[in-house]
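Chain and residue survey
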Amino acid sequence: VGPDQLRDDPHLREYRACYYGMITEVDDNLGRLFAALEASGQWDDTLIIFSADHAEHLGDHYLTGKGMFYDGGMRIPWIIRDPTAAADATRGQVRGEFVAAIDSSPTIMDWLGLAIPDRFQGRSMLSLIRGDEPFDARQEIHYEFDYRQGALGQGATDPDEHLLWVVRDKRHKLVQFADPGLPPILFDLEVDPDELTDVAGRPEYQATLLEMSQRLLRWRMRHEDQRAEHWASTLR
């Protein structure tokens, strides 16, 4: 679906209706799965996490599909049902804490009583859904998008420039590009929740731009694959 087609309202409505229809199909089949769990006596012994690998723009910002850096493509569902009585305190609640896709595996392992490997970057959400205090909630989330393949198809000479990273907290979202020709993008989500205005060049946002850039750099440094260096230092 291209931008010209998205300007055609009937086509966009048909596109969205098709997508919503697929959501309904998923919902129907989840109902069949849940009914089978209940019929087999496993419903009260099964942890359920419903999530996705990416979201869809559905016409937002004249975009369809996944990718890019807008919330329309970044935000995914994360719905969890812990069948134990320990989760009754928060059952049915919609929470505002940040959760990332990498939190699913440690949550499952924690629920099973298994040790969580040190290499996992995610964290278990069990203490949050069970109302345990204090809970060390995420203050920000991070996102990476690799669009090198598409760039190569358009004749890019240095594919490694076609990467972007995002750091997003409750108030701001910063987008940094590997391409030195692309300046950073900063959104103030409190006044611009639809992400329509880049404020990175405004003087009053320079301190925020610098501070978020430093946070993104520290995150990148901390989570780069350092296995080789780790083993080298251990052997020494």
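A quick note: this is a predicted structure, and the numbers were derived from the prediction, not measured.

Here the focus is the overall build of the chain. Helix and strand counts for the chain come out as eight helices and six strands. N-terminal to C-terminal, the α/β element order of the chain is α-α-β-α-β-α-α-β-α-β-β-β-α-α. Burial analysis of the chain (236 residues in total) assigns 31% to the buried set. Summarising the internal contacts of the chain: among those between residues at least 6 apart in sequence, 48% fall at separations of at least 24. A total of about 15300 Å² of accessible surface is found on the chain, and carbon and sulfur atoms cover 53% of it.

Here His61, not a glycine, exhibits a phi torsion of approximately 60 degrees, which is positive. Along the chain, the position of His61 falls in the loop between β1 (48-50) and α3 (71-74). Even without a glycine there, the phi angle at Glu195 is positive, about 60 degrees. Position of Glu195 relative to the elements: it lies in the loop between β6 (185-188) and α7 (206-223).

Pairing within the open sheet is antiparallel, and its four strands lie in the order β3-β4-β5-β6. Looking along the sheet, the strands with just one partner apiece sit at the ends: β3 (141-146) and β6. When strand polarity is set aside, the average angle formed by the axes of neighbouring strands in this sheet is 15 degrees. In the sheet, strand β5 (residues 172-177) pairs with β6 via four bridges, with the strands oriented antiparallel. Its bridge partner lying in β6, Leu174 is registered against Leu186.

Next up on the list: the nonpolar core. Side chains of nonpolar character tend, in soluble globular proteins, to be buried together. Phe69, Leu164, Val166, Val175, Phe177, Ile185 and Phe187 are the most contacted members of the largest nonpolar core, which has 13 residues in total. Among the secondary structure elements, those contributing two or more residues to this core are β3, β4 (163-168), β5 and β6. If we skip the residues at most four places from it in the chain, Leu164 touches Phe69, Tyr143, Glu144, Phe145, Tyr147, Val175, Gln176 and Phe177.

Of the volumes computed, that of the second largest pocket is approximately 360 Å³. Lining the second largest pocket are 14 residues, and of these Tyr19, Ile23, Phe50, Ala52 and Pro77 lie nearest its centre. Among the elements that make up the lining of the second largest pocket, the one with the highest residue count is helix α2 (residues 9-39) (five residues). Looking at side-chain class alone, the lining of the second largest pocket contains nine nonpolar, two polar and three charged residues.

So, about the pattern of salt bridges. Side chains that differ in sign of charge can pair as their charged atoms come close. By the definition in use, this model includes 15 salt bridges. In this structure, the salt-bridge partner of Arg171 is Glu190, at a minimum N-O distance of 3.6 Å. Highlighted residues: Arg171 in the loop between β4 and β5 and Glu190 in the loop between β6 and α7, separated in sequence by 19 residues. Judged by relative accessible area, Arg171 falls into the partly exposed class, the value being 32%. The exposure class of Glu190 is exposed, given its relative accessible area of 59%. Ionic pairing is found between Glu211 and Arg215, a salt bridge with its closest N-O pair at 2.8 Å.

What follows concerns the pairing of β5. As a general feature of sheets, a regular strand has side chains that alternate between the two faces. Here β5 lies mainly inside the structure; five of its six residues are buried. In the sheet, β4 pairs with β5 via five bridges, with the strands oriented antiparallel. Along β5, the bridge assignment pairs Val166 with Val175. Adjacent in sequence and paired antiparallel, β4 and β5 are bridged by three residues.

Procedures and definitions
- Residues numbered from 1 in each chain as written.
- Predicted model: local features only at pLDDT ≥ 70, side-chain atom pairs only at ≥ 80, totals over all residues.
- Heavy atoms only, no water.
- Helix = DSSP H or I, 4+ residues; strand = E, 2+ residues; numbered from the N terminus.
- Buried < 20%, exposed > 50% of the residue type's maximum accessible area, 1.4 Å probe, protein only.
- Contact = heavy atoms within 4.5 Å.
- Areas by Shrake-Rupley, 256 points an atom, 1.4 Å probe, with all protein chains shown as cover.
- Pairing = 2+ DSSP bridges.
- Axes fitted to C-alpha atoms, helices over the stretch in contact; angles between N-to-C directions.
- Core = buried A, V, L, I, M, F, W, Y, C linked by side-chain atoms within 4.5 Å.
- 1 Å grid on protein atoms, 1.4 Å probe; cavity = no way out; pocket = protein on both sides within 12 Å on 5 of 7 lines; lining within 4 Å.
- Points joined across faces, edges and corners; volume = space filled by probe spheres on them.
- Nonpolar A, V, L, I, M, F, W, Y, C, P; charged D, E, K, R; others polar.
- Salt bridge = Lys/Arg side-chain N within 4 Å of Asp/Glu carboxyl O.

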